[in-house]
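Listed below are the residues making up each chain.
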Amino acid sequence: MLTELTLIHFKSWCDTEALRLAPITGFFGSNSSGKTSLLQSLLLLKQTADSPDNSLVLQFEGNLVSLGDFRSVIFDHDVGSELTFALKWTEPKPITIKDPLNPNRFVAQSPALQFQTTIRGENGSGKSLRLVVSNFRYAVGETAFGMRRKSEQRLDYELFMESEPAASFKFIRNQGRGWQLPSPTKCYGFPDQARAYYQNAGFLSDLELALENLLRRIYYLGPLRAYPERTYLWAGAQPSDMGRAGEQAIDALLSSRDREKSISQGKGRKRMSLEEYVAQWLQTLGLIAEFAVRPVAEGSQIFQVWVKKTQDAPEVLITDVGFGVSQILPVIVLCFYVPEGSTIILEQPEIHLHPSVQAGLADVLIDAVKKRKVQIILESHSEHLLKRLQRRVAEGEWESESVALYFCETEASASKITLLQMDLFGNIENWPKDFFGDQFGEMAETHLSLIHI
């Protein structure tokens, strides 16, 4: 699970400082306050890790995000500044680093990992800007391994190791290997020469793999959801997620049915299929009474989604009911479809939903974290979702330490972030002014208007 994020000189953020990430993390605030940029930083790293092009330091254009170029993402468009990403996360099992020359000796062992990379732009042979990694480092507990540039004039690098307390481990060169190390692979990878030139550097691949696995476990659903369709063609695909617009939600349901996947309801209770569980939540949220995905004919690969608004209502296609069902459907499916332990990024999950459903959505997220051990990171404008989270903390159904809520705002053309301090009873002790608009001001103005009529 991701536990901390730090950004320096990324888009509207000069320096976020260390942001604590919890099982449920919410970013709130006005438009253009930097909320989306926080999510985009993680998606940019994931997109870079997924890219087949190892020569690109950062993959700015892709299926997850389209960010242009370095000039577009560097704070204040100052190409002379350096861009820094830093992550902390925990692994289910400790990462163990042994000395390859002495397998009985542990160099580092911890479930707590860190990664940091610093990137700058330099003028290439032409007028184009070339991205260069100044340094990057991994930390396993209190021991760090990384690469740094040896001089600003040349693109040659060196390995380094840092530990507290100081350790006797040192990277040992192979004889006859006096060449300098080339540039890193992407923004986080040790080049193959690092393992070839040194006798005891083979374990560096484990650090890269740990970061790549973390980024692969990130799943994203954007704010603009696909419109429902009257028919869905399913040819046996097993999607990894819902797609950026949730367009693969029905594919995911059918794939889960085909593989006979089920969700535990707790000890002594019958397991439920994903389709049954989604239907249950749609009923609980008061959106529909029944939900089913059926082929148009026996053996057909064309399916339709049928729903009943109430038990007494006729069964109709999902296209013939309110838009809210199709908008929340990918959110629910994603939360209970992805592998356990995944990190789910949701952008405005409450869009097009009635306030009561927005509030209920908080219960969906809590349920997913409890049952699937997933992590939810969301950007939202929903007062109702936030207040339901507060209520569940007050009721003791959710711990205040398991939620991190932030308020983003713009100050002097830069984004500023405030951690909302929630006590054990769900009260926010530092509620920002006009957090969800000036409600009392609107009521006062209405009252004055009525007086003047």
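Source: prediction; values computed, not measured.

What about helix 8 (residues 355–372)?
The end-to-end C-alpha separation of helix 8 is 26 Å, in line with the 26 Å expected for 18 residues at 1.5 Å each. In terms of residue burial, helix 8 counts as a mostly covered element, since 14 of its 18 residues are buried. Looking at the residues trailing helix 8, positive phi occurs at Lys373, about 60 degrees.

Overview of the sheet that holds strand 20 (residues 414–419)
In a beta sheet, neighbouring strands are held together by backbone hydrogen bonds and run either parallel or antiparallel to one another. The mixed open sheet is built from 6 strands, whose spatial order is 10-17-18-4-19-20. What marks the edges here is a single partner per strand, and that holds for strand 10 (218–221) and strand 20. Ignoring strand direction, the axes of neighbouring strands in this sheet form an average angle of 20 degrees. Bridge count between strand 10 and strand 17 (residues 343–347): 4 bridges; the pairing is parallel. Within strand 17, the position partnered with Tyr219 by the bridge is Ile344.

Comments concerning the packing of aromatic side chains
What the rule picks out here adds up to 17 aromatic pairs. Taken together, a centroid distance of 5.1 Å and an interplanar angle of 40 degrees make the contact between Tyr227 and Phe323 tilted. In this pair, Tyr227 sits in the loop between strand 10 and strand 11 (232–233) while Phe323 sits in helix 7 (residues 323–337), placing the two residues 96 residues apart along the sequence. Through a chain of ring-to-ring contacts, the aromatic side chains of Phe145, Phe169, Phe171, Tyr198 and Phe203 assemble into a single cluster. A cation over an aromatic ring shows up here: Lys46 above the ring of Tyr219, its NZ or CZ 5.9 Å from the ring centre.

A word on the nonpolar core
In terms of nonpolar packing, the biggest core is built from 71 residues, with Phe27, Leu58, Leu159 and Leu204 touching the most fellow members. Excluding its chain neighbours within four sequence positions, the residues that come into contact with Phe27 are Leu19, Leu21, Lys35, Leu38, Leu39, Ile377, Leu378, Glu379, Ser380, Tyr406, Cys408 and Ile417. In terms of nonpolar packing, the next biggest core, distinct from the first, is built from 67 residues, Met242, Met272, Val307 and Ile318 among them.

Comments concerning the side chain of Glu347
With respect to the element layout, Glu347 can be found in strand 17. For the buried Glu347, no salt bridge is present, and the opposite-charge side chain at shortest range is Arg244, 6.4 Å distant. A polar atom in the side chain of Glu347 sits 2.6 Å from the side chain of Tyr220. Discounting residues that sit within four places of it in the chain, Glu347 has contacts with Thr36, Leu39, Tyr220, Leu221, Gly222, Pro223, Arg225 and Glu379.

The rules behind each value
- Residues numbered from 1 in each chain as written.
- Predicted model: local features only at pLDDT ≥ 70, side-chain atom pairs only at ≥ 80, totals over all residues.
- Heavy atoms only, no water.
- Helix = DSSP H or I, 4+ residues; strand = E, 2+ residues; numbered from the N terminus.
- Expected span 1.5 Å × (residues − 1).
- Buried < 20%, exposed > 50% of the residue type's maximum accessible area, 1.4 Å probe, protein only.
- Pairing = 2+ DSSP bridges.
- Axes fitted to C-alpha atoms, helices over the stretch in contact; angles between N-to-C directions.
- Phe/Tyr/Trp six-rings, centres within 6.5 Å; stacked < 30°, edge-to-face > 60°.
- Lys NZ or Arg CZ within 6 Å of the ring centre and 35° of its normal.
- Core = buried A, V, L, I, M, F, W, Y, C linked by side-chain atoms within 4.5 Å.
- Contact = heavy atoms within 4.5 Å.
- Lys, Arg positive; Asp, Glu negative; His and termini not counted.
- Salt bridge = Lys/Arg side-chain N within 4 Å of Asp/Glu carboxyl O.
- Polar contact = N/O pair within 3.5 Å; in protein donor to acceptor, adjacent residues only side chain to side chain.

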